[in-house]
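Commentary on secondary and tertiary structure
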Amino acid sequence: MCKCTTNPFDRTRRQFLRTASLATMSGISASPFILGLNSVAAMAQGTGATDYRALVCVFLQGGNDGHGTVIATDSESFAAFTQARSGAPGLAYPLAELLPIVPNTSQSGRTFGLNPNLAGIQNLFNAGRAAVVANTGTLITPATKAQVQANSVQLPDSLFSHFDQTAAWQAIASNGGSAEHVGWGGAVADLIESMNMNSNSMFTCISTAGIALFLSGQTSFQLNVTPAGPIPIYGLQNSLFGSQAGSSALNSILTAEETNLFAKEYEVVVNRSMAAQALLASSMLPAGPTGVPNPPQYLDPTTNMLTDNPLAASLQTVARIIGGRAGLGVNRQIFYVQLGSFDTHDGQAMTHAKLLTQLGQALEYFDGLMNTAGIGNQVTTFTASDFGRTLTSNSDGTDHGWGSHHFVVGGAVQGHDMYGQYPVVGSDQANDVGQGRLIPTTAVDQYAGTLARWFGLSDSQIKQVFPNFANFGTSPYLGFLG
Amino acid sequence: MEGYQAWLNQQFALAPTPQEPFVEQSLIVNNPPCTAGSLKCNAALFVQNTNGEIYVQDAFWQQSLAAPDQLRQRVKYALSEIFVISTNNNFAIQNMPRGEAAYYDLLGKDAFANFRTLLNDVTLNPMMGQFLSMLGNDKGNATTDPDENYAREVMQLLTVGLYQLNDDGSQKLDGSGNPIPTYSNNDVQGLAKVFTGFSWSVPGNTSDSAWSSCCIYVGTGFGEDLLPMTSYPSHHSTAEKDFLGVTVPSSGSADPSGDLKIALDTLFNHPNLPAFFSKQLIQHLVTSNPSPAYISRIAAIFKNDGTGVRGNLQAVITAILLDPEARDSATDFANPQYGKVREALIRYTEWARAFTAQSRTGSYFNGSTEDPIWGLGQMTLRSPTVFNWFAPGYVPPGTSIAAAGLVAPEMQMTSVSSVVGYLNYVQDAVGGSSANGPDIFSNYGEELSLASNPNALMDRINLLLMAGEMDSNLRSQILGAVSAISIPSGNQSAINAALTSRVQTAIYLTMASPAFAAQF
C-alpha cells in the first residue's frame, strides 16, 4: 500500500523534530524523535524571556448578539433598542434588570448596562479587570455605510456566513474567509517560536475545543486537550494483548515512514501526541482541591437549577496547564476555548440568558484562579465570535450580523472602561447596513494587534501577522492594555 | 466492472433498513406503558424523551453492522454529513429520538432517489425544521422579519455554495480574477420569505396551537415528529420574494407550497448544484482531491443520467464508484496525493463488519462514540454545528498536504487527542469477547482457525482490512509480532489464549497503522 521510501527529512517532519525535543520524556524508547539538540541550542540562545504571559481566546461560537450583551441605557438609545426588539418577547430587557457599568472614559453622555445575566462581567468591570471593546468586527480597511452601499470599499468575503466570518476573525491574514488556513494565534506562535521565547514550543498553542483555525500556525502546532488530560496510547504503555513484541511492533508501525500524504500526516499527529503526552500529563496540575479548584456550578436562569458550566470546565483545564508552565518550558502560551450555541435564530431569550450566565461566571472564576496563582496580570482573556447579530428580531431570535461588542479581562487590562465607538442605536443609523447589522468601527486587526503587542510582538511583527494593520491608522492600537 | 455493477444493482434493489421502528420499539419496551389515549404519556415517551437518544445510536450500530443494505447505509451516512442535523446542544431534537431516527431514515430512503426529492424531504422534515429554525418561521410584521437561517444554509451548504462554479468544481472568476459570489444577503432575505409558514403537521388542524407547539398529535406509530411539516398560509409571507434571479411577485393570497416549489426548483436547477454536490459526495466516498475531470464526469451524470433526468442519485453514485479515478488502483497507489483520511467511525465499522461483530446483549449498546479521548471522536447526528465534524475545504496547516495545495477534510478532527482515543477504543473493541469487554465483539472464528499459521492469518487480515494491498514493511512488522506469540503445547485453554492473542495482535496492529487510517 505504501512504498516506504526513506525520505526522513521532508519539511514537515523536520519541523516536527525541531519541536519534539522532549520526546525523551515520553518513555518511548524506540522513538526516532529523541533529537533534542536543536532545542537545547535554542534554549541556550533564547531571549531569556522569563516573564510568563498567556492569551486566552474565548470563542462564542455561532455569533453572539452584541446588541443584547452591552446595551446603551441613555433614554434615546434605550428607547430605540426597546422599539427594535418589541416584536421579540424576552429580548427587550427591562431597564431595571440591566447591570449598570460606568466607563472611566466619558461616552458623550451615554450610559450603559450589561445583559442581566452578566453579573460576573459586571464584577470584573467594576474591579477594573474587564473592559468593553465596542462594535468590533472583520474589516480590510475602514468602511462607511455610503462606501458599503456603493460597493466602493473592499470588504471581507462572505459577510454573515458563519464559516467564513469565523475564518476571518480567527485567520485574518487575507480576510479571505474559508480559503485561509493559518490563524493569527498560530501566526503569533510562529513568531514566538522564531524568537525562542519558549524552550519547548510544542506547548505554546493549546485548544480545549478540537482543532481551532485560530491556533493553526505554519511551524507551530496546537495540542488539543480535554479535561481528562492527555491519555497515553495503552498499547505502547503496556504489553499488547499480553505480548511485549506487539507493543514494540506498534511503536515501529506508528513511526514508520509513510509515502501517501494522508497516511503520513495522520502519523505526524500520532507522533506529536506520543511526544507531548507524558510531559503534559505530569506537568498539568490536577483538578480539584489538590490542584486547580473545580468551578462552582452556575444557577441556570432558564431552569433555576445549579448546573455544570462547560466553559468554566474548559478554563479550569487551561488553568491546570498554565499551572504546569515551568515543567512545560514555556514563557508564552496561547489558548483557545469555545462556548457554543450562540446562533440564536430562535429561542434566543432562553438560550442567550443561559450562555451569558455561563460566560460571566466562567470569566470571573478563571480570573480568580489566575489571581490566586499570582499571575493575574500575566494572563489576558478576550472574547471573539463569528459576528454580531441583527438588532431587529425574527420574533423569537435574531439573524446574522457583523460588528459586535467584546470583552477583555485580566489584571493587565485597563479596565472599567470602554474602547472603540459604541454605535448609535436604532434602525437605519450610520453604521447599520440593514436590520441593525453593524459595520464595525473597530477592526479585529486592531483588537488582535493590541493583544499581540502586549504578548511581546514588535510593531513590524504585528504588521506581518496583520497585513491590513496599517489601513487603520498610524497607531491603530486600542489602549486597553496600556 | 460487470461484477461491480451487478453488486451495485443488487444493493440499489434492497429495501432500506429503517431506524425509526427500532427506536420506537426500544422506547416502548424500556419505559412504562402508555394507554393509547394518553397524550401526556405518549408525548413524554416519544417527543419529550432526552434519554431516548441512546436508542438512535444503538440503531445506528445495529444497522451498520447487520443490515443487508450496506451501500445505502454508507451513502446515508455520507449524506448525514452534508445534510447535517445535530442533537449536540439542540435539546429540541434530542427530545425526539423517534423523529431523529426518522430524519436519518429519510436520508436512506432518498439516497437512491432523485436529489430534488431529497431536497424537498429534508426541507420539510421537522427535525431539520427545528435545527435550522424553519419550523414556525413567521412571515414578519412591522417589527420582525422572517428567520434567515434555513434560507442561508440551504444555499451555502446543501445546494449551491458561496461561489459560482464551473462543472469541474473550479470557481468562475470575474475580470479581475476574483471568485463571483453565488448570492448576496438580499437573496438570503428573499428566500427567507419563502420558508415562512411551515410548522408541525397535525392532520386536519392548522390552528394556532398546532402551529406553535408540538405536540398535540402523538402516539405509537404517529406524531408530529414523524410527519413532514405542513403549511400554514396565514403565517406565510405574501410579499415579493427575490432570490437567485427569480422573482415571486407579491400576492393577495398566500401560497406556501407553490412558493416552496419555485424556490426548490430554482436551487435544484442552479448551475452550481451538479459540481457542488458531486464533488462533496466524491470526497466522502472516494478521495479528498478529485481531479477536475473526475468532478466533470460526475457533474455531467448529475445533469443528465443518460435518459434526460437531472439529479438521479443512483446514477451519480454508480458513476462515482465506477469512475476510473476510483477504480484504477495501480495509478492511485503510485500517486501519494491520492486518497483521503478515513473517519475513525468508518474504520471501526469496517472492523465490525469484517469480523462479523455481534452484540452480546442484542441491544448493540455502543452509545455515542463522540468523546475524543474515550471514544472515536464522532457520532452520527452529533456534530458540533451544521458544518459537520469537518469542512470539505479543510487544509491542515504546516503539512505536506498544504504544501501540495490539497485539502484533507477529515484531518480537521484528527487531533492529538482523537488519534489516541481511536487507538485505545479499537484496542478495547478488538480485545473484547463473548464474555468480556464492549457489548459489540467478534468471535474471530475463521481467523482463529488460521492463527497457527501466521502467514495465512496475515493473508486473511490483509484481504479483509487492506483489500490485499498491505505493504511489505507493515506486513513483516505485524508478522513478527504475531509469530513472537508462541503457541504452547498441551493445555488447550493456554493454546486458545495464545491463538486469540495472535488474532487480536494482527488485527489491532493493522488497524493502528497509518496506512489503515488513510484510504488510497
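Note that this is a predicted model, so its numbers are computed, not measured.

What counts and what doesn't
- Residues numbered from 1 in each chain as written.
- Chains lettered and ligands numbered in written order.
- Predicted model: local features only at pLDDT ≥ 70, side-chain atom pairs only at ≥ 80, totals over all residues.
- Helix = DSSP H or I, 4+ residues; strand = E, 2+ residues; numbered from the N terminus.
- Buried ≥ 20, exposed ≤ 12 C-beta atoms within 10 Å, placed from the backbone.
- Contact = placed C-beta atoms within 7 Å.
- Rg over C-alpha atoms; globule rule 2.2 N^0.38 Å.
- pLDDT = per-residue confidence, 0-100.
- Expected span 1.5 Å × (residues − 1).
- Arc of directions from axis to C-beta.
- Core = buried A, V, L, I, M, F, W, Y, C linked by C-beta atoms within 7 Å.
- Pairing = 2+ DSSP bridges.
- Axes fitted to C-alpha atoms, helices over the stretch in contact; angles between N-to-C directions.
- Left-handed = near helix turned anticlockwise from the far one by under 90°.
- Nonpolar A, V, L, I, M, F, W, Y, C, P; charged D, E, K, R; others polar.

Quick word on the overall build of chain A
Along chain A, the regular secondary structure elements total 15 helices and 14 strands. Burial status across chain A gives 61% buried among its 482 residues. Sequence-distant contacts, at least 24 apart, represent 72% of the contacts inside chain A between residues at least 6 apart.

Some thoughts on the overall build of chain B
When helices and strands are tallied, chain B shows 26 helices and ten strands. For chain B, the C-alpha radius of gyration of 25 Å lies close to 24 Å, the compact-globule estimate for 520 residues. In terms of overall dimensions, chain B has C-alpha extents of about 90 × 65 × 45 Å along its principal axes. The buried share of chain B, taken over its 520 residues, is 54%. Sequence-distant contacts, at least 24 apart, represent 70% of the contacts inside chain B between residues at least 6 apart.

A short note on the confidence of the model for chain A
In the predicted model, chain A carries a mean pLDDT of 89, and the fraction of residues at 70 or more is 88%. Throughout residues 1-48 of chain A the model reports pLDDT below 50, and contacts reaching past four residues in sequence, or to other chains, amount to 93 contacts.

Re helix α9 (residues 244-255) of chain A
Residue and element names in this part refer to chain A. Taking 1.5 Å of rise per residue, twelve residues should cover 16 Å, and α9 covers 17 Å from first to last C-alpha, within 8% of that figure. By the burial criterion, the buried members of α9 are Gly246, Ser247, Ala249, Leu250, Ile253 and Leu254. Buried residues in α9, looked at end-on, bunch into an arc of 160°, giving them a common side.

Here we look at the interface of chain A and chain B
Contacts between the two partners involve 74 residues from chain A, matched on the other side by 74 residues from chain B. Broken down by secondary-structure element, the contributors of at least two residues to the side of chain A that touches chain B are α1 (11-19), β7 (222-224), α8 (234-237), α9 and α10 (261-283) of chain A. With twelve residues, α10(A) is the largest single contributor of residues to the side of chain A that touches chain B.

Here's the deal with the nonpolar core
Membership of the largest hydrophobic core comes to 284 residues, with the highest contact counts inside it found for A:Cys57, A:Val188, B:Ile298 and B:Val426. The element contributing the most residues to this core is α10(A), with twelve residues. The residues contacting B:Ile298, other than those within four sequence positions of it, are B:Ser278, B:Ile282, B:Val316, B:Ala319 and B:Ile320.

Structural notes on the sheet that holds strand β2 (residues 70-72) of chain A
Residue and element names in this part refer to chain A. Ordered by their spatial adjacency, three strands build an open sheet running β2-β4-β3, and the pairing between neighbours is antiparallel. Of all strands in the sheet, those with a lone pairing partner are β2 and β3 (99-101), marking the two edges. Strand-to-strand twist of the sheet, defined as the mean angle between neighbouring strand axes without regard to direction, takes the value 40°. Each of β3 and β4 (112-114) touches helix α4 (residues 119-126); the most contacted strand, β3, lies at about 25° to it.

Concerning helix α16 (residues 313-322) of chain B
All names here are of chain B. Within the span of α16, buried status applies to Leu313, Val316, Ile317, Ala319 and Ile320. Viewed along the axis of α16, the buried residues span an arc of 165°, placing them on a single side of the element. Packed against the buried residues of α16 are α5 (70-80), α7 (97-111), α8 (115-124), α14 (273-285), α15 (292-303) and α17 (324-327).

Considering the confidence of the model for chain B
Across chain B, the average pLDDT comes to 96, with 100% of residues at or above 70. What the predictor reports for the complex is a pTM of 0.93 with an ipTM of 0.96.

Concerning the packing of helix α1 (residues 2-13) of chain B against α16(B)
All names here are of chain B. Put simply, α1 and α16 touch, their axes get as near as 11 Å, and they point 150° apart. In this structure, α1 meets α16 at a crossing whose hand is right-handed. On α16, the residues that touch Tyr4, Gln5, Leu8 and Phe12 of α1 are Gln314, Thr318, Leu321 and Leu322. Of the residues contributing to the contact of α1 with α16, the split by class is five nonpolar, three polar and no charged.

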